[in-house]
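Architecture at a glance
Spelled out, the chains give:
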Amino acid sequence: MKKREANFELLRVIAMFMVVILHYLSHGDVLIKLGAPIHSVNIISTLIESFCIVAVNVWVLISGYFLSTSGFHLKKILQLICEVIFYTVTISFVMQLVGTYAMGLDFFKIAQYCFPIASEHYWFATSYVFMYILSPVLNSGVNKLSRWQLKMVIMGLLFWFCFIKTFIPVNFVTDDMGYGLKWFIVLYLIAAYIRKYDVRIMSNGRQSSLLYVVSSILIFVIELAVYKYNSITGGFNYYFDVPFHYNYLLCLTGALGIFSSFRYLKVKNRIVSNVACFLAPMTFGVYLLHEHIEIRDRWLVWMQSFFGPIPKTPLAFIGHLLLSVVVVFFAGVFVDFIRVQIFSFIGRMLKNTKFMAWLDRKAGNLEKAGLGENK
């Protein structure tokens, strides 16, 4: 993406806020649970989750939308991998240094931190990196297939990974709930199809927003209905969590709705545009920081030590949630800003070295071979 589009950059920032909110709700143990009584905070939490569950799908759609028309950049892939390793290694080292390391350090843990992609230290980062690596292959298929062929491929994948699990309450072996490369590829192809053929999901931004809102509300209603049904009959245990799977049909339509609404959006305010374009490149760092193995189960405890325990009343709960999420988000932005400066310094130091010259030649050879650009 040579020129940043403020509307999508703003959506990327919002999506990461949603991700942190989802993790707050999960770690805060405030969502509706089968067999447990429902309180007002449980209802509000589940409603919020229904509107935020689209976040991962939105992030991948944005990536696929732009990667589908970009070249294969070896340096960007290496930088992405180095960014993940930077967080796994640096955070572990710093926490060891200050004496707050919680987990035992052995050979397996060292390997997990030094090889975070292979060990799936972060499930999202692993799937995202492999999707990035496969992007030239996917782009080649998108460009070679006819519109009808590409549509049939997408519909076939949706039938297998989305439609079946949405309507049949059985836990199939091939279903990974959208937590993996398979679903990311489906989203990538959908975004590439939208970009290539300028597909309008809805006629305007208002209709797109309505699709997002209706999808989210239906997820919430279905969740309550399954809870009620289970409390009476004891059935549908598995399906209770399905509406919040990333490859659930309503989660997909909700993501497409908000993606489409921001596609129509024109960010006219220069301050909002500049802030969004500044924050968006560092949002991945927000994820890598607060979802580090050493931090993911502890950051909410730290927030509670500052802001008190999670309140039991709705308004106080919402305030606690927003305050905690904002602090975590901007802490992540701050850390990633430092990471960017470190990477920039290292880049300047290596700029005229033999290694960089070799890397440039390899990247150039890939482009000459037809992998570096879409034909």
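Look up: the structure comes first, before these words.
Within each chain, residue numbers correspond to sequence positions counted from 1 in written order. Per-residue local features are limited, in this predicted model, to residues with pLDDT of at least 70; the limit for side-chain atom pairs, both in listing and counting, is 80 or more; totals at the level of whole chains, interfaces and linings are taken over all residues. Only hydrogens and water are set aside when side-chain values are computed; all heavy atoms of the structure are taken into account.

**Re the overall build of the protein**
Quick reminder of the rule: Here a helix means four or more residues in a row that DSSP labels H or I, a strand means two or more in a row labelled E, and each is numbered from the N terminus. Our radius of gyration is a C-alpha quantity, and the globule rule it is checked against amounts to 2.2 Å times the number of residues to the power 0.38. Buried means the residue's accessible area, taken with a 1.4 Å probe over protein chains only, is under 20% of the maximum for its type, while exposed means over 50%, and partly exposed covers the values in between. In this analysis, two residues are considered to be in contact whenever any of their non-hydrogen atoms come within 4.5 Å of each other. For the area figures, the Shrake-Rupley method with a 1.4 Å probe applies, and any residue is considered shielded solely by the protein chains shown. In this count, Lys and Arg are taken as positive residues and Asp and Glu as negative ones, while His and the chain termini are left out. Where a charge sits is defined by one atom per residue type, namely NZ (Lys), CZ (Arg), CG (Asp) or CD (Glu).
Looking only at helices and strands, the protein has 15 helices and 0 strands in total. Taken over C-alpha atoms, the radius of gyration comes to 22 Å for the protein, in line with the 21 Å a tight globule of 375 residues would show. When its C-alpha atoms are laid out on the principal axes, the protein stretches across 70 × 60 × 45 Å. Within the protein, the proportion of its 375 residues that are buried is 46%. Within the protein, contacts between residues separated by at least 24 positions form 83% of all contacts whose residues are at least 6 apart in sequence. Surface summary for the protein: the accessible area is close to 18,700 Å², and the carbon and sulfur share equals 68%. For the protein, the distance from the average site of its 33 positive side-chain charges to the average site of its 19 negative ones is 11 Å.

**Thoughts on unusual backbone geometry**
It is generally the case that most residues other than glycine have a negative phi and that most peptide bonds are trans. A positive phi angle, near 55°, is found at aspartate 29, a position not held by glycine. One non-glycine residue, methionine 177, adopts positive backbone phi at about 65°. Among the secondary structure elements, methionine 177 is positioned in the loop between helix H7 (147-167) and helix H8 (181-196). Here methionine 177 falls in the partly exposed class, since its relative accessible area comes to 35%.

**Examining the packing of helix H1 (residues 6-27) against helix H12 (residues 283-290)**
The condition is simple: Here an axis means a line fitted to C-alpha atoms, over the contact stretch when the element is a helix, while the angle between two N-to-C directions is reported on a 0 to 180 degree scale. The cut-offs work like this: below 35 degrees is roughly parallel, past 145 is roughly antiparallel, 65 to 115 is roughly perpendicular, and the gaps in between are oblique. Each crossing gets its hand from how the near helix is turned against the far one by less than a right angle, where anticlockwise is left-handed and clockwise is right-handed. The residue classification treats Ala, Val, Leu, Ile, Met, Phe, Trp, Tyr, Cys and Pro as nonpolar and Asp, Glu, Lys and Arg as charged. All others, Gly included, are polar.
At a minimum axis separation of 9 Å, H1 and H12 run at an interaxial angle of 15°. By the angle class used here, H1 and H12 are roughly parallel. At the point where H1 passes H12, the crossing takes the left-handed sense. Here Arg12, Val13, Met16, Val19, Val20 and His23 of H1 come into contact with H12, specifically with Thr283, Val286, Tyr287 and His290. Among the residues forming the contact of H1 with H12, the class breakdown is 6 nonpolar, 3 polar and 1 charged.

**Details of the layout of surface pockets**
Filter applied, for reference: Grid points spaced at 1 Å over the protein atoms alone were grouped into cavities, where a 1.4 Å probe fits but cannot get out, and pockets, open sets with protein on both sides within 12 Å along at least five of seven lines, with lining residues defined by an atom within 4 Å of a point. Grid points are joined across faces, edges and corners, and a volume is the space filled by probe spheres set on the points.
The volume enclosed by the second largest pocket comes to roughly 640 Å³. Considering the residues around the second largest pocket, the lining is formed by 28 residues, among which Leu22, Ser26, Glu49, Tyr179 and Tyr246 are closest to the centre. Per-element tally for the lining of the second largest pocket: the top contributor is H1, with 6 residues. Residue classes in the lining of the second largest pocket are distributed as 16 nonpolar, 5 polar and 7 charged.

**Focus: a nonpolar patch on the surface**
Worth spelling out the cut-off: Residues form patches when they are more than 30% accessible in relative terms and have no salt bridge. Like charges link within 9 Å. Nonpolar side chains (Val, Leu, Ile, Met, Phe, Trp, Tyr) link within 5 Å. Salt bridge, as applied in this entry: a Lys or Arg side-chain nitrogen positioned within 4 Å of an Asp or Glu carboxyl oxygen.
Where nonpolar side chains cluster on the molecular surface, the patch consists of Phe278, Phe334, Phe337, Ile338, Ile342, Phe345, Ile346, Met349 and Leu350 and spans about 850 Å² of accessible area. No other element matches helix H14 (residues 314-350), which puts 8 residues into the nonpolar patch.

**Points about the pattern of salt bridges**
Counted by the stated rule, this structure contains 9 salt bridges. When the shortest N-O distance is used, the salt bridge between glutamate 9 and arginine 12 registers 3.6 Å. With a gap of 3 residues between them, glutamate 9 and arginine 12 both fall in helix H1, about one helical turn apart. In this structure, arginine 339 engages aspartate 336 in a salt bridge whose closest nitrogen and oxygen atoms are separated by 3.0 Å. Note that arginine 339 and aspartate 336 are positioned in helix H14 at a spacing of 3 residues, about one turn of the helix. A cluster of three or more residues bridged by salt bridges with shared partners is formed by Glu83, Asp336 and Arg339.

**Concerning the packing of aromatic side chains**
The geometry of an aromatic ring pair is captured by two quantities: the separation of the ring centres and the angle between the planes. As a reminder of what qualifies: Each aromatic pair joins two rings of Phe, Tyr and Trp (for Trp, the six-membered one) with centres within 6.5 Å, and gets the label stacked for planes under 30 degrees apart, edge-to-face for over 60, and tilted for any other angle. Think of it as a cone above the ring: NZ of Lys or CZ of Arg counts as a charge over the ring if it is within 6 Å of the ring centre and within 35 degrees of the ring normal.
Per the counting criterion, the structure on display carries 32 aromatic pairs. On the numbers, 6.1 Å between centres and 55° between planes, the contact of tyrosine 24 with phenylalanine 317 is tilted. Of the two residues, tyrosine 24 is situated in helix H1 and phenylalanine 317 in helix H14; the sequence distance between them amounts to 293 residues. Phenylalanine 317 matches tyrosine 24 in its accessibility class, with the two residues each being buried. Note on tyrosine 65 and phenylalanine 66: the rings are 5.2 Å apart at their centroids and 85° apart in plane angle, and the pair reads as edge-to-face. On the accessibility criterion, phenylalanine 66 (10% relative accessible area) is buried. Through successive ring pairs, a cluster of aromatic residues spans Trp59, Tyr122, Trp123, Phe124, Tyr128, Tyr132, Tyr179, Phe184, Tyr246, Phe284 and Tyr287. A cation sits over an aromatic face here: arginine 12 above tryptophan 59, 5.2 Å from the ring centre. The aromatic ring of phenylalanine 343 is capped on one face by arginine 339, whose charged end is 4.8 Å from the ring centroid.

**Things to note about the side chain of serine 215**
Quick note on the threshold: Any pair of N or O atoms that falls within 3.5 Å is considered a polar contact. Within protein, one atom must be able to donate a hydrogen and the other to accept it, and sequence-neighbouring residues count only if both atoms are side-chain atoms.
Checked against the element boundaries, serine 215 lands in helix H9 (residues 205-233). When its relative accessible area of 3% is taken as the criterion, serine 215 is described as buried. One polar contact links the side chain of serine 215 to the main-chain carbonyl oxygen of leucine 211, over a distance of 2.7 Å. Not counting residues up to four positions away in its chain, the partners in contact with serine 215 are Leu250, Thr253 and Gly254.

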